[in-house]
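Given next are the chains, with one letter for each unit.
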Amino acid sequence: MSSPTYAYYPGCSGLGTSKEYDRSTRAVCKALRVDLRDMPDWSCCGSTPAHTVDHIFSAALSARNLGIILAMGLNAATTPCPSCLTNLRTAEERMKKTEFGERVNKLLDAPYAGGVETKSVLQILVEDVGLEAIAAATVKPLAGLKVAAYYGCIMNRPPELMRFDDHENPMAMDRIMTAMGAEVVPFPLKVECCGASYGVARQDVTAKLSGRLLQTAVDAGADVIVTACPLCQMNLDLRQNQALKALGASFSIPTLYYTQLMGKALGLPEVELGFDKICVSPKQAFAAMGKAKEEKQKSSQGSRT
Amino acid sequence: MKIGVFICHCGSNIEGTVDTAAVAEAAMAFPEVVYAKDLMYACSEPGQDAVIEAVREKGLDGVVVASCTPRMHEPTFRRAIERAGLNRYMLEMANIREHVSWIGKNREANTNKAVDLVNIAVEKLRRDRPLTPKSFDITRRALVIGGGVAGIQAALDLADGGKEVILVERTSSIGGKMAQLDKTFPTVDCSSCVLGPKMVDVAQHPNITLYAYSEVEEVSGYVGNFDVKLRKKATYVDWAKCTGCGACMEKCPSKKSLDRFNEGMGGAPAINIPFPQATPKKAVIDAEYCRQFVKGKCGVCAKICPTGAINYDMKDEIIEVKVGAIIAATGYDLFDYTKYGEYGGGRYPDVITSLQYERLLSASGPTEGHIKRPSDGKEPKTIVFIQCVGSRDKSVDRPYCTGFCCMYTAKQAILTKDHIPDSQSYVFYMDIRAPGKLYDEFTRRGIEEYGTRYIRGRVSMIVPKNGGLLVRGADTLLGQQVEVEADLVVLAVGAEAAKGARQLAEKLRISFDNYGYFMESHPKLRPVETNTAGVFLAGCAQGPKDIPASVGQGSAAAAKVLGLFSKEQLENDPQISQVDIKRCVGCGKCESTCPFGAIHMIDFRGQPKAEVIETVCQGCGICAVTCPQGAVQLSHFTDNQILTEVEALCLF
């Protein structure tokens, strides 16, 4: 079977605040034989600021990148970032309307004709690689690790645009984590907002919303939170102290990218996974996981003898 | 042939953009037209009189009326020329209102088009032949499908009117949704107490034959003479012997059968009588759960039954009945709320439907009328009601308003306060729709006297919290988010067409709308009729409605049937197909394409020939276009007539 091939759009944060997401994504895809092709001269998708100001401008920024993908001879792309995913998919949809497309193309050096489908890395891992293959490739199961899977608000929304997983109760990360041996705790706030970019303008709002997510994860008994969004990760991890202050609580819970945990389970070298980039270190959680695993092994050996 | 042409002004509806006098003048030039006149209102009494007078004075053989659509007034003018002494089929109409004056503003162009349409009508009329309907006998027995309150009312009214009624009910007892309700709004009457006597009447009425646990298998025939096959499903209990004592239910070792009557709240024994007032009060075995069927051994009920009614070998039975009219009163089903992921999609046990809550409130329900939430049996103190779950929501393909949820939610909140005085109810609503006698007063009472808190806005999320449920929504009047920590959430699920409604509609040859509700013949003026003669509608099968409206429709449908049955004989429509036996080669294509089974093959001097069964033929014309020989012709719409119309229009 030929390996699935995608143009890879890392997104701006992939080169900055979420380097560890980019690195771990590349490492995991390599290990699972997903062929990611780097895009020459890619540029920002416009992120939130562009589409809040002008839909044409926003679409032009994304369409420029979609054009590069076509020029690579590919019509399938992937990105780890949900915000980039939304912009690339929205541009593709909106460009189908003739009048809109013409206005966008006026802004571009080379007109974009359409025809690229962008999927999240998460979708590719579930659909192209598959849970069975992921389970089979797992060499260091995450047994004993309690995980809360947090998807954020836009990973699966709006459903008519994303067309992947359940938009109210997504399960993709839950299933991957379960396949790799982790224990997924019921986490009811899977698709609740973390406060997103309000962290800049209204820190209090983000602190309150993120605080609620952290508290719920801890109450559910999670050792770690996994997420698929750079902004969610930053709010839950980098801003955890702000959130805890708003809550008046004192605990700590690491927030990792799901690809980092996947890399760990696949036995990839730690240096490729970037755990040192995480503010709230997962070391303790990993240590506890090891202990839980040993105890389990002991008890099962004990029962055998 | 002498033809008269009448052009109607329809006030200014037609005259406003059509020169009717000019049309009349032009009509005089058409062949065989001896008289043409414009009339102010052709359908009015003076208008009809003018037509009748002209027929008599000018000795007309046929009449063209150019006015509105024939769907509106063809019967009117047919009767008028009949009064003038002509055959009623010697009439043609030209639709110069809907097809001309209402759709174009150019008076000259409109006038020209009107002249063309009159020309077509004249040419067709020249080839019309007088037609005479045939009379046939009718079976004065009615079939009522569905034993909910609408069907019960229809059956009782028909039976009291002296007609035989066959009432078919899919489940093992009549009563429908109303029997599941605890109380009814706005009077807070006990639902089963007001319905119970009617159910008993059905059981005891000498004119009503009740087939419970039965379904309609097949319908053929036509108004006055339907042949219906009913499937009497195997109950595995001989109902002639069963006394309804209930001993079998107590001893049955399998208690996890789906308790449909209690909406799945708690299990039922595999042999079950659904509720104390069940009519008929007979037991049915659920073969999916019965150990005798699942494991092949048990037989406890057979041992315990004092009358020896249990029969594990029972098979479905087909019963054939002849009826003259059918009333479809098949009710509704509840919207599947698990489509709403934000309400938990069925993952939270303490998020229940309004009908489940109704069973919790009912003294004959699984909790004997004590409100206990499903997860831990605790009495809830804070209850959140969410309205419009599967109503007024395009995203789940339910854009319509169910109409009665606002009222039952108000009632349930009031009853909650009665059951648990220290409780607090919240209602998330979009609009309060309470248009009915004493309805708005009732919802106000809930708010003012029972302290129900109404929050105008939708709920965005329900998540478990501290053993309860956190309900988050918008308060659109305050422009704020609100969060309520609830012990129980009740979803006011909307109504949708009953399961199997579409299949039944196909059997009855009636239409249904996009959502599966049966189509009435006219939304305002023929609300209980269908476009299939002899088939009538009642209750929620036609669209969601509350109990008084359903009862009203039950009676209305019964009145329609009684009116039909009061006729000595029925007349068929003579605009039907005829076979020219000389041309027919007996290929049988018409027989296979006829959707009504109105054509059968006969032996004519050793050769196969097609023959039309006149009382069954609906005049659709499919056979006429199917026949390769042109041997089948539809009376009043023959090939020649249609071709002449085309030629009249396309002279050049």
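Residues numbered from 1 in each chain as written. Chains lettered and ligands numbered in written order. Predicted model: local features only at pLDDT ≥ 70, side-chain atom pairs only at ≥ 80, totals over all residues.

The next point concerns the overall build of chain B. Counting secondary structure elements, chain B contains 19 helices and 34 strands. Considered along the principal axes of its C-alpha atoms, chain B spans approximately 90 × 70 × 40 Å. A total of 652 residues make up chain B; the buried ones form 46% of that total. Partitioning the intrachain contacts of chain B with sequence separation of at least 6 by distance along the chain shows that 69% fall at a separation of at least 24. (Helix = DSSP H or I, 4+ residues; strand = E, 2+ residues; numbered from the N terminus. Buried ≥ 20, exposed ≤ 12 C-beta atoms within 10 Å, placed from the backbone. Contact = placed C-beta atoms within 7 Å.)

What follows is about the interface of chain A and chain B. Facing six residues of chain A, the contacting portion of chain B comprises five residues. Residue composition of the side of chain A that touches chain B, by class: two nonpolar, two polar and two charged. (Nonpolar A, V, L, I, M, F, W, Y, C, P; charged D, E, K, R; others polar.)

Many authors give the size of an interface as the accessible area that is lost as the parts come together. Residue and element names in this part refer to chain A. For chain A, the assigned domains read domain 1 (5-121) and domain 2 (131-297). Each of domain 1 and domain 2 was reduced to a C-alpha centroid, and the two centroids are 25 Å apart. The partner domain 2 presents 25 residues to the 22 residues of domain 1 that form the contact. Those elements that provide at least two residues to the side of domain 1 that touches domain 2 are α1 (19-31) and α4 (82-94). (Domains from an automatic or database assignment.)

So, about the sheet that holds strand β27 (residues 488-493) of chain B. Residues and elements named next belong to chain B. In space, the five strands of this open sheet follow the order β20-β27-β21-β22-β23, with parallel pairing throughout. Only two strands of the sheet have a single neighbouring strand rather than two, namely β20 (351-353) and β23 (453-456). Across the sheet, the mean angle separating the axes of adjacent strands is 25° when strand polarity is ignored. For β20 and β27, the ladder comprises three bridges, and the chain directions are parallel. Bridging from a neighbouring strand, T353 pairs with L491 of β27. (Pairing = 2+ DSSP bridges. Axes fitted to C-alpha atoms, helices over the stretch in contact; angles between N-to-C directions.)

For the peptide bond that leads from A:R157 to A:P158, omega is -5°, which places it in the cis range. Following the sequence through the fold, A:P158 ends up in the loop between β5 (146-150) and α8 (159-162). Note the cis peptide between B:T279 and B:P280, where omega equals -5°. Relative to the elements of secondary structure, B:P280 occurs in the loop between β15 (271-272) and β16 (284-285).

So, on to helix α13 (residues 405-419) of chain B. Residues and elements named next belong to chain B. The end-to-end C-alpha separation of α13 is 20 Å, in line with the 21 Å expected for 15 residues at 1.5 Å each. For α13, the full list of buried residues reads C405, C406, M407, Y408, T409, A410, K411, Q412, A413, I414, L415 and T416. For α13, the elements touching its buried residues are β8 (183-184), α12 (354-361), β21 (382-389), β22 (424-429), α14 (439-448) and β27. (Expected span 1.5 Å × (residues − 1).)

What follows concerns the domain arrangement of chain B. We note that the domain assignment places domain 1 (3-125), domain 2 (141-233 + 316-331 + 498-565), domain 3 (247-304), domain 4 (335-494) and domain 5 (577-635) within chain B. Each of domain 1 of chain B and domain 3 of chain B was reduced to a C-alpha centroid, and the two centroids are 68 Å apart.

For the rest of this paragraph, the subject is the environment of B:I208. All names here are of chain B. Relative to the elements of secondary structure, I208 occurs in strand β10 (residues 208-211). You can call I208 buried: it has 21 C-beta atoms within 10 Å. C-alpha separation for the pair I208 and E164, spaced 44 residues apart in sequence, amounts to 6.1 Å.

Attention now moves to the sheet that holds strand β17 (residues 317-323) of chain B. Whenever strands of a sheet pair, they do so through backbone hydrogen bonds, lying parallel or antiparallel. Residue and element names in this part refer to chain B. Pairing in this open sheet of three strands is antiparallel, and the strands run β11-β12-β17 from one edge to the other. Strand pairing shows two members of the sheet lacking a second neighbour, β11 (214-222) and β17, which therefore form its edges. Neighbour-to-neighbour, the strand axes of the sheet open up by a mean angle of 20°, direction not taken into account. In the sheet, β11 pairs with strand β12 (residues 225-232) via eight bridges, with the strands oriented antiparallel. What sits directly across from V219, in β12, is V228.

When a strand is regular, its side chains alternate between the sheet's two faces. Residue and element names in this part refer to chain B. Here strand β6 (residues 141-145) lies mainly inside the structure; four of its five residues are buried. Bridging between β6 and strand β7 (residues 164-168) involves five bridges; their strand directions are parallel. Bridge assignment links I145 to a residue of β7, and that residue is V168. A crossover connection joins β6 to the parallel β7 through helix α6 (residues 149-160); in handedness this β-α-β unit is right-handed. Inspection of the sheet shows β6 paired to strand β18 (residues 325-328) by four bridges, in the parallel sense. Within β18, the residue paired with I145 across the bridge is A328. (Right-handed = clockwise from strand over helix to strand, strands pointing away.)

Here we come to the nonpolar core. Counting residues in hydrophobic clusters, the biggest one holds 86 residues, and the most contacted among them are A:V147, A:A149, A:M173, A:I176, A:M177 and A:V226. Per-element tally for this core: the top contributor is helix α3 (residues 55-71) of chain A, with seven residues. Domain assignment of the residues forming this core places at least three in each of domain 1 (5-121) and domain 2 (131-297) of chain A. Once you skip the residues sitting within four places of it in the chain, A:I176 turns out to touch A:L125, A:V126, A:L131, A:I134, A:Y258 and A:M262. Counting 82 residues, the second-largest nonpolar core is a separate cluster that includes B:V144, B:V219, B:Y289 and B:A538. (Core = buried A, V, L, I, M, F, W, Y, C linked by C-beta atoms within 7 Å.)

By secondary structure assignment, the location of B:D580 is in the loop between β31 (577-579) and α17 (589-593). Here the alpha-carbon distance between B:D580 and B:S67, two residues 513 residues apart in the chain, equals 35 Å.

Note that predicted coordinates carrying low pLDDT should not be read in detail. With 100% of its residues at a pLDDT of at least 70, chain B reaches an overall mean of 95. The ipTM for the predicted assembly is 0.79, set against a pTM of 0.84. (pLDDT = per-residue confidence, 0-100.)

This part is about α3(A). Residues and elements named next belong to chain A. With 17 residues, α3 extends 24 Å between its outermost C-alpha atoms, agreeing within 8% with the 24 Å of an ideal straight helix rising 1.5 Å per residue. Within α3, the full set of buried residues consists of S58, A59, A60, L61, S62, A63, R64, N65, L66, I68 and I69. Immediately beyond the C-terminal end of α3, within one or two residues, lies G73, with a positive phi of roughly 85°.

Quick look at the packing of helix α5 (residues 107-125) of chain B against helix α19 (residues 639-649) of chain B now. Residue and element names in this part refer to chain B. The N-to-C vectors of α5 and α19 enclose an angle of 150°; their axes lie 8 Å apart at closest approach. Judged on the interaxial angle alone, α19 and α5 are roughly antiparallel. Along this stretch, α5 crosses α19, giving a crossing that reads as right-handed. Counting all contacts with α5, which are made through D116, N119, I120, E123 and K124, the residues of α19 involved are Q641, T644, E645, A648 and L649. Split by residue class, the contact of α5 with α19 holds three nonpolar, three polar and four charged. (Parallel < 35°, antiparallel > 145°, perpendicular 65-115°, else oblique. Left-handed = near helix turned anticlockwise from the far one by under 90°.)

The next thing to look at is the pairing of β27(B). Residue and element names in this part refer to chain B. Most of β27 sits out of view: six of its six residues are buried. Where burial is concerned, the two faces of β27 agree: the one with L488, V490 and A492 and the one with V489, L491 and V493 are both buried. Alignment of β21 against β27, held across five bridges, turns out to be parallel. Bridge assignment links F385 to a residue of β27, and that residue is V490.

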